[in-house]
Amino acid sequence: MPVNEEPILIKDSTLIDTLPFFRLKRWQWWLLVALNIVFLLVGQAASVLLGRFYYDKGGNSTWLATLLQTAGFPILFIPYIFIGSSWTPSDSANPSLIRVCLIYFVLGAMTAGDNMLYSVGLLYLSASTYSLICALQLAFNAVFSLFINRQKFTIMILNSVIVLTLSASLLAANGDSTEPSGVSKGKYLIGFLATLAASVLYSLLLSLMQLSFQKVLKKETFSVVLEMQIYTSVVATCISTIGLFASGDWSTLQGEMNTFSTGKLSYVMTLVWTAICWQICAVGVIGLIFLVSSLFSNVISTLSLAITPIAALIVFHDKMNGVKIIAMLMALWGFASYIYQNYIDDIKTRKTHTNAERTTNDSLC
């Protein structure tokens, strides 16, 4: 394999033949990764801000907020039509249809529960506090990746886990004057615990998605990413819709729209763009899992810590006191620790792969 076609971030050279896009040139692979990074960062930051805007201007339905996180999946059929399906009836390597459906159903149900927890957290927390607490998902994902995906757990990653844990702990002890107006200490604690639980479930979900790509959905086309998002979103949307009607929230939506402080059109556009932005974010998340790993995808999610709180400060004038600034810097420190470890692993992997090629060539001569 020429140098400019060498795979990137491959932790085990024996897996080269099973990883997607390994035949692409390096610049093409990095372009795909960069595109998914942009999708994730922009989609996540915009979604969180729009969700906070919805609550601040008069929205109150956590079930509607949950539904919006997956209801925008029909827009993904546009790129899916052009890319084409990853399923070929004549392919003997196709997994069992029942097995695939079961995977999508379980992941979709987990997504619905995770979205509900995040919606409760965003209802009671400011956008900046919510975003910083979500830093813990990287720590949890590191643990799940160790046991589920057999990710190597190094000193630098351990440092990242500890620093991010301390960062979120600072926020838990700094509930004064940071929550939206009218939120009591008790509700702030509920929001904190809900977001914390959502981070655990989200981390587990990412690791299970990676396991599904590795063990079951062994395809080399990006259409499998869209299929994963579309089908899990169908399940999550159905569950969220049932919850919306069962809770009685649906009966309050008309009044909610009429009393939305920025008007009916603003209400509708907020819902539409929130749904779209969540889908953009989700494609980026799953795309990075497919191209690299669940841990790498979560690291990029954590990078939004440097974007969302600052954007929240500008848009919503969230308070950024000294403790919160320190917590954000610690979160960035934890992020940098993991990136540095990834850099070291990449160098070692490339050297190992190069030496293996040289040994093979020498044996052929």
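Residues numbered from 1 in each chain as written. Predicted model: local features only at pLDDT ≥ 70, side-chain atom pairs only at ≥ 80, totals over all residues. Heavy atoms only, no water.

- Named according to an unreviewed UniProt entry, the chain is Probable purine permease originating from Coffea arabica.
- Comment text from UniProt for the chain, heading Subcellular location (unreviewed entry), reads "Membrane".
- The annotation that UniProt attaches to the chain under Sequence similarities (unreviewed entry) is "Belongs to the purine permeases (TC 2.A.7.14) family." (UniProt positions renumbered as here; feature names shortened; annotations may be inferred.)

### What to know about the packing of helix 6 (residues 136–148) against helix 8 (residues 185–215)
Thinking step 1. The interhelical angle for the contact between helix 6 and helix 8, taken along N-to-C directions, is 40°, at an axis separation of 8 Å. Viewed along their axes, helix 6 and helix 8 form a crossing whose handedness is right-handed. Within the contact between the two elements, helix 6 uses Leu-136, Gln-137, Phe-140, Asn-141, Phe-144, Ser-145 and Ile-148 and helix 8 uses Leu-196, Ser-199, Val-200, Tyr-202, Ser-203, Leu-204, Leu-206, Ser-207, Leu-208 and Leu-211.
Thinking step 2. A breakdown of the residues in the contact of helix 6 with helix 8 according to their chemical character gives 11 nonpolar, 6 polar and no charged. (Axes fitted to C-alpha atoms, helices over the stretch in contact; angles between N-to-C directions. Helix = DSSP H or I, 4+ residues; strand = E, 2+ residues; numbered from the N terminus. Left-handed = near helix turned anticlockwise from the far one by under 90°. Contact = heavy atoms within 4.5 Å. Nonpolar A, V, L, I, M, F, W, Y, C, P; charged D, E, K, R; others polar.)

### Concerning the state of the cysteines
Thinking step 1. Summed over the entire model, instances satisfying the criterion amount to 0 disulfides.
Thinking step 2. Summary of cysteine pairing: Cys-277 is not part of a disulfide, and the nearest cysteine sulfur, belonging to Cys-281, is at 9.2 Å.
Thinking step 3. Given a relative accessible area of 10%, Cys-277 falls into the buried group. (Disulfide = S-S within 2.5 Å. Buried < 20%, exposed > 50% of the residue type's maximum accessible area, 1.4 Å probe, protein only.)

### Considerations on helix 12 (residues 294–303)
Thinking step 1. Across the 10 residues of helix 12, 9 count as buried, placing the element largely inside the fold.
Thinking step 2. For helix 12, the set of buried residues is Ser-294, Leu-295, Phe-296, Ser-297, Asn-298, Val-299, Ile-300, Ser-301 and Thr-302.

### What about the packing of aromatic side chains?
Each aromatic ring pair is characterised by the separation of its centres together with the angle its planes make.
Thinking step 1. In the structure shown here, the tally under the stated rule is 9 aromatic pairs.
Thinking step 2. On the basis of an interplanar angle of 40° and a centroid distance of 6.3 Å, the ring pair of Tyr-54 and Tyr-267 is categorised as tilted. Residue Tyr-54 is located in helix 1 (residues 26–56), and its partner Tyr-267 is located in helix 11 (residues 264–291); the two are separated by 213 residues in the primary sequence.
Thinking step 3. Classification of Tyr-54 as buried rests on a relative accessible area of 3%.
Thinking step 4. Centroid distance Tyr-104 to Tyr-231: 5.2 Å. Interplanar angle 50°. Geometry classified as tilted. One end of the pair, Tyr-104, is in helix 4 (residues 97–124); the other, Tyr-231, is in helix 9 (residues 223–246), with 127 residues separating them in the sequence.
Thinking step 5. A network of ring pairs unites the aromatic residues Phe-53, Tyr-54, Tyr-55, Phe-260 and Tyr-267 as a single cluster. (Phe/Tyr/Trp six-rings, centres within 6.5 Å; stacked < 30°, edge-to-face > 60°.)

### Comments concerning the packing of helix 4 against helix 9
Thinking step 1. The contact between helix 4 and helix 9 brings their axes to 7 Å, and the two run at 55°. On the basis of the axis angle, helix 4 is oblique to helix 9. When you trace helix 4 past helix 9, the crossing you get is right-handed. Residue-level inspection shows Tyr-104, Phe-105, Leu-107, Gly-108, Ala-109, Thr-111 and Ala-112 of helix 4 in contact with helix 9, the latter providing Glu-227, Met-228, Tyr-231, Thr-232, Val-235, Ala-236, Ile-239 and Ser-240.
Thinking step 2. Within the contact of helix 4 with helix 9, the residues separate by chemical class into 10 nonpolar, 4 polar and 1 charged. (Parallel < 35°, antiparallel > 145°, perpendicular 65-115°, else oblique.)

### Notes on the environment of Leu-208
Thinking step 1. In this structure, Leu-208 sits in helix 8.
Thinking step 2. For Leu-208, a relative accessible area of 24% puts it in the partly exposed group.
Thinking step 3. The spatial distance from the C-alpha of Leu-208 to the C-alpha of Leu-107 is 8.0 Å, given a sequence separation of 101 residues.
Thinking step 4. Sequence-distant contacts of Leu-208, defined by excluding residues within four places in its chain, comprise Leu-107, Met-110 and Ile-148.

### What to know about the side chain of Thr-70
Thinking step 1. Tracing the backbone shows Thr-70 in the loop between helix 2 (62–68) and helix 3 (77–83).
Thinking step 2. On the basis of relative accessibility, which here comes to 2%, the residue Thr-70 falls in the buried class.

### Regarding the confidence of the model for the chain
Thinking step 1. For the chain, mean pLDDT is 80; residues scoring 70 or higher make up 82% of the total.
Thinking step 2. The least confident element of the chain is helix 5 (residues 127–133), whose mean pLDDT is 73; the most confident is helix 9, at 93.
Thinking step 3. Ignoring residues within four places in sequence, the model shows residues 1–22, a span with pLDDT below 50, making 48 contacts including any to other chains. (pLDDT = per-residue confidence, 0-100.)

### Thoughts on a nonpolar patch on the surface
Thinking step 1. Side chains of Val-143, Leu-146, Phe-147, Phe-153, Ile-155, Leu-158, Ile-162 and Leu-166 sit close together on the surface and give an oily, nonpolar patch of about 740 Å² of accessible area.
Thinking step 2. For the nonpolar patch, the secondary-structure elements that each account for two or more residues are helix 6 and helix 7 (155–172).
Thinking step 3. With 4 residues, helix 7 is the single largest residue contributor to the nonpolar patch.
Thinking step 4. When you line up the elements, Leu-146 lands in helix 6.
Thinking step 5. Using a relative accessible area of 32% as the deciding quantity, one classes Leu-146 as partly exposed. (Patch = residues over 30% accessible without salt bridge, like charges linked within 9 Å, V, L, I, M, F, W, Y side chains within 5 Å. Areas by Shrake-Rupley, 256 points an atom, 1.4 Å probe, with all protein chains shown as cover. Salt bridge = Lys/Arg side-chain N within 4 Å of Asp/Glu carboxyl O.)

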